[in-house]
Amino acid sequence: MGLGAVIAALVVFSWRLGTPSPWRDEAVTIAVASRTAEQIRALVQDVDLVHAPFYFLAHALFGADVDIVQARSISVVAAALTAPLLHGVGRRLAAGAVGPGTARWTGATAAALFVSMPFVSRYAQEARPYALATLVATLGTYLLIRSSTTPAARRWAWLVGYAASIPLLVALNTVAALVLVAHAGWALAAGRRTFVRSAVAAVAGLLVSVPLLLAQDAQSGQVAFLQRPTPAELGSHVVFALGSSTVAVVVAALVAAVAVWRARARRLVLVGLLWGVLPWPLLWTISQVTPFWTTRYLVFVAPGTCLLLASVVTVALRRRLAPALAVALVGVMGVTGVHMQFVFRSPTIGHAEDLKGTAAYVAAHARAGDGLLFLPDGEYRYRVLTQLYPEAFERLDDIALERSATESSTLVGTTVDATRLWQRMVGVERVWVVGGVGPVVTKTPADRETKRLLNEGYRLVSTEEKRAFSVKLYVRDDSAQPTGH
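The notes below deal with the structure included here. Fair warning: this is a prediction, and the values are worked out from it, not measured in the lab.

Rules behind the numbers
Residues numbered from 1 in each chain as written. Predicted model: local features only at pLDDT ≥ 70, side-chain atom pairs only at ≥ 80, totals over all residues. Heavy atoms only, no water. Helix = DSSP H or I, 4+ residues; strand = E, 2+ residues; numbered from the N terminus. Rg over C-alpha atoms; globule rule 2.2 N^0.38 Å. Buried < 20%, exposed > 50% of the residue type's maximum accessible area, 1.4 Å probe, protein only. Contact = heavy atoms within 4.5 Å. Lys, Arg positive; Asp, Glu negative; His and termini not counted. Charge placed at Lys NZ, Arg CZ, Asp CG, Glu CD. Salt bridge = Lys/Arg side-chain N within 4 Å of Asp/Glu carboxyl O. Patch = residues over 30% accessible without salt bridge, like charges linked within 9 Å, V, L, I, M, F, W, Y side chains within 5 Å. Areas by Shrake-Rupley, 256 points an atom, 1.4 Å probe, with all protein chains shown as cover. Core = buried A, V, L, I, M, F, W, Y, C linked by side-chain atoms within 4.5 Å. Axes fitted to C-alpha atoms, helices over the stretch in contact; angles between N-to-C directions. Parallel < 35°, antiparallel > 145°, perpendicular 65-115°, else oblique. Left-handed = near helix turned anticlockwise from the far one by under 90°. Nonpolar A, V, L, I, M, F, W, Y, C, P; charged D, E, K, R; others polar. Pairing = 2+ DSSP bridges.

**Details of the overall build of the chain**
For the chain, the count of helices and strands is 24 helices and 7 strands. For 485 residues, the compact-globule estimate of 2.2 N^0.38 gives 23 Å, and the C-alpha radius of gyration of the chain, at 25 Å, lies within 12% of that figure. The principal-axis extents of the C-alpha atoms in the chain amount to approximately 85 × 45 × 40 Å. Buried residues in the chain amount to 53% of all 485 residues. Considering only contacts within the chain whose residues lie at least 6 apart along the sequence, 78% involve residues at least 24 apart. Side chains of the chain carry 44 positive and 30 negative charges; the gap between the two charge centres is 21 Å.

And the structure:
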């Protein structure tokens, strides 16, 4: 079963891997992982520490020539390895209540649901660490549960492995540490001795994680853009995670209700609830005080959701009904998610931003010596284009750039002040301005000065909009000249 799950997962998750355009965070991954190990270290000591393991891993595997398919393949493999681990977790949680035969179907159902879930596919094709964090969360759960069924002489090895998984999980995605709530619930249900052993291992892992947590907290300004989520966002996440289908949500709700009502495998249902359901409202509630709410932080919840849905197999009145229930459940959830499987693999909307199309447009229309500006310029999402697709911008002069990203140990580099910007614009006949869709946005005094110089010295002659990006061409207006301050 393990090998079959891996093969099936690799086939599904690698399908059209390179088709969707990268989005801004993936572009940063490629830009940073392409640097030397020392340059990566210089960056993450001040910014983006939470993604450092992924940057170093991508660099170690693929070197300075890492591309988007290679970086995404890390997540493909991580998600594929999660499937057999999830099978093992489901089988072991159900075995004590329903016997090995039905328990195997429970584990297989959880793994199959995981592979068929569009939400999982979306982040199994992401050049970021969310699939890796999901793998580690599942591995930690498996190690913890396995420790309770192992002879005392070898139990310590499983518990040490479990403890070691915690700092690794924190390094990949701090929010994923919420899976420890499910571990605590399982340990309490397993009895006093199991709880004490599990608690000692978990505390040891958390103590090792403290220095990393403190270092990450020092860079918490990176998530300052996150806002308090609304009640509607909680509901929309549930729909998105279950396949963006009303049918899928209804089926999942009914299945979960039946599983909880019958609760033949109580520990399985408990872990499914605490891992697959509770983190959603818990993170939402925490984010009312300290905003951390974003869907990608909750990818680690998917295995728990699959366990809860798979637990319906254990309520079959007769053992022979378990296979039929498993096939029906996976079939319904798979069919209702087919549409989103294609959406997530769309060239332009798959990852919600069309960086590739934006760069291609500039490359096709720019002339040698044209200027390049970004508005707003304080956000990495725009200038990172020049690092992901350097050949598209090689003929342009990035007017505002003072020091490159690698020279300044930053994500996208540093910019000149307003006086020097005005001086650099003298003699530039055409300027390409890359920003968001709609009217030009200014967020800082420097942005407002850039917009003033454009309005006073140039006229807008064309606008091309891609998904989440716009490219505006300004041509010098000889009847008006910009003035510096």
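**Digging into unusual backbone geometry**
Of all residues except glycine, most have a negative phi; of all peptide bonds, most are trans. Cis rather than trans, the peptide bond between Leu375 and Pro376 has omega equal to -5°. At Ala352, a residue that is not glycine, the phi angle is positive and equals roughly 75°. As for its placement among the helices and strands, Ala352 is situated in the loop between helix H17 (338-343) and helix H18 (355-365). Its identity as a non-glycine residue notwithstanding, Ser409 has a phi of 55°, on the positive side. Positionally, Ser409 belongs in the loop between helix H22 (405-408) and strand S4 (414-415).

**Regarding the pattern of salt bridges**
Taken as a whole, this structure holds 14 salt bridges when the rule is applied. Overlapping salt bridges, with partners in common, bring together Asp25, Arg128 and Arg296 in one network.

**Side note on a nonpolar patch on the surface**
On the surface, a nonpolar cluster with roughly 350 Å² of combined accessible area is contributed by Leu188, Phe195, Val196 and Val200. Sorting elements by how many residues they give to the nonpolar patch places helix H10 (residues 192-218) first, with 3 residues. Structurally, Val200 can be placed in helix H10. The class for Val200 is exposed, based on a relative accessible area of 55%.

**Re the nonpolar core**
Of all hydrophobic cores here, the largest spans 133 residues; its most connected members are Phe300 and Leu307. The element best represented in this core is helix H5 (residues 68-116), accounting for 19 residues. If we skip the residues at most four places from it in the chain, Leu307 touches Leu86, Val89, Gly90, Leu93, Ala110, Leu268, Val271, Gly272 and Trp275. Counting 15 residues, the second largest nonpolar core, distinct from the first, contains Leu373, Leu421, Val428 and Val433.

**Observations concerning the packing of H5 against helix H15 (residues 302-310)**
Where H5 contacts H15, the two axes come as close as 10 Å, and the packing angle between them is 40°. When the interaxial angle is binned, H5 and H15 end up oblique. Crossing handedness for the pair H5 and H15: right-handed. Of the residues in H15, those touching H5 at Thr82, Leu86, Val89, Gly90, Leu93, Thr106, Thr109, Ala110, Leu113 and Phe114 are Ala302, Pro303, Cys306, Leu307, Leu309 and Ala310. By residue class, the composition of the contact of H5 with H15 is 12 nonpolar, 4 polar and no charged.

**Considerations on the pairing of strand S1 (residues 371-375)**
Burial analysis of S1 places 5 of its 5 residues in the buried class, which makes it a mostly covered element. Where burial is concerned, the two faces of S1 agree: the one with Gly371, Leu373 and Leu375 and the one with Leu372 and Phe374 are both buried. Relative to strand S2 (residues 397-398), S1 is paired through 2 bridges, and the arrangement is parallel. In the sheet register, Gly371 faces S2, and the bridge partner there is Asp397. As paired elements, S1 and strand S5 (residues 430-435) share 5 bridges and run parallel to each other. Pairing of Gly371 across the sheet is with Val431, part of S5.

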